Amino acid sequence: MKRKIQEKILVVDDELRMCESLRTLLTNSGYEVEIMQDGEEAVQLISENNFDLIIADIKMPKVSGVDILRKAKSKDKDNLVILMTGYGSLDTAIQAIEEGAYDYFLKPIEFQDLERAIKRGLEKRKVDSERKRLLEELKNANEELKKRADELNALYQAGKALSSTDTLEDLLANILSLATKVIGAKTGSIMLLDPDSK
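Residues numbered from 1 in each chain as written. Predicted model: local features only at pLDDT ≥ 70, side-chain atom pairs only at ≥ 80, totals over all residues. Heavy atoms only, no water.

*Asks:* What exactly am I supposed to notice about the environment of E99 here?
*Replies:* Tracing the sequence through the fold places E99 in the loop between α4 (90-98) and β5 (103-106). Its relative accessible area of 28% is what places E99 among the partly exposed residues. For E99 and V66, which are 33 residues apart along the polypeptide, the C-alpha to C-alpha distance reads 7.6 Å. Those residues in contact with E99 that lie beyond four places of it in its chain are V66, L69, R70 and K73. (Helix = DSSP H or I, 4+ residues; strand = E, 2+ residues; numbered from the N terminus. Buried < 20%, exposed > 50% of the residue type's maximum accessible area, 1.4 Å probe, protein only. Contact = heavy atoms within 4.5 Å.)

In structure tokens:
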């Protein structure tokens, strides 16, 4: 049986008790959880690793949760970041959302609400990732289709040239022009075999 890949969550909070509580609860819910108490170390960790979701406290010494959010978004605009704070205000909530936070929670956090937000966010991330993959496949298929259409058009043009060109030199020049255009070459040449010297 195929083992389900665990989603990786980073929890950043200068309160050890909060980190430990979230790690226990989220690990029990089936997530792989890493905790950090130092915002500067968390920023370094984010730059070196990929996380499916980041949960960060807004008010921390040196590096705030908003700084962590900015770092995560600068690495990948689709990164999911949930911010939390014990010092809630309308201004901090607005700033968090404007900066691209996926969600915002006031402490003490109701774990069920947080877990619902995490599930929604990770599901959204999967859907967005699949949509991106499908769009990339469609783009590649369209490029391949255009290439094939160009090749068929070149064959058609070459066929027309064969029947309407008076000299071999003109015919070869037309074929060379079509061939370089189809394959996207800058230059090309045709070499004719000398029947006597080979």
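*Asks:* I keep staring at helix α2 (residues 39-48) and nothing clicks. Help me out?
*Replies:* Because an α-helix completes one turn every 3.6 residues, residues spaced three or four positions apart along the sequence face the same direction. Those residues of α2 not exposed but buried are G39, A42, L45 and I46. The buried residues of α2 occupy an angular sector of 110° when projected down its axis, which confines them to one face. Its side-chain oxygen placed 2.8 Å from the backbone nitrogen of E40, D38 serves as the N-cap of α2. (Arc of directions from axis to C-beta. Polar contact = N/O pair within 3.5 Å; in protein donor to acceptor, adjacent residues only side chain to side chain.)

*Asks:* Help me understand the packing of aromatic side chains, please; the structure alone is not making it clear to me.
*Replies:* Aromatic rings in a pair are described by how distant their centres are and how their planes are angled relative to each other. Taken as a whole, this structure holds 0 aromatic pairs when the rule is applied. The residue whose ring lies beneath K8 is F51, and the NZ or CZ to ring-centre distance is 5.2 Å. (Phe/Tyr/Trp six-rings, centres within 6.5 Å; stacked < 30°, edge-to-face > 60°. Lys NZ or Arg CZ within 6 Å of the ring centre and 35° of its normal.)

*Asks:* Got a minute to help me understand the sheet that holds strand β4 (residues 81-85) in this structure?
*Replies:* Sheet strands pair via backbone hydrogen bonds, and the direction of the pair is either parallel or antiparallel. If you trace the 5 strands from one edge of the open sheet to the other, you get β2-β1-β3-β4-β5, paired in parallel fashion. The open sheet terminates on both sides in strands that have one partner only, identified here as β2 (32-36) and β5. Within the sheet, the average angular offset between the axes of one strand and its neighbour, ignoring direction, is 20°. Here β4 pairs with β5 via 4 bridges, running parallel. Pairing of L83 across the sheet is with Y104, part of β5. (Pairing = 2+ DSSP bridges. Axes fitted to C-alpha atoms, helices over the stretch in contact; angles between N-to-C directions.)

Any functional reading would require information beyond the geometric quantities listed.
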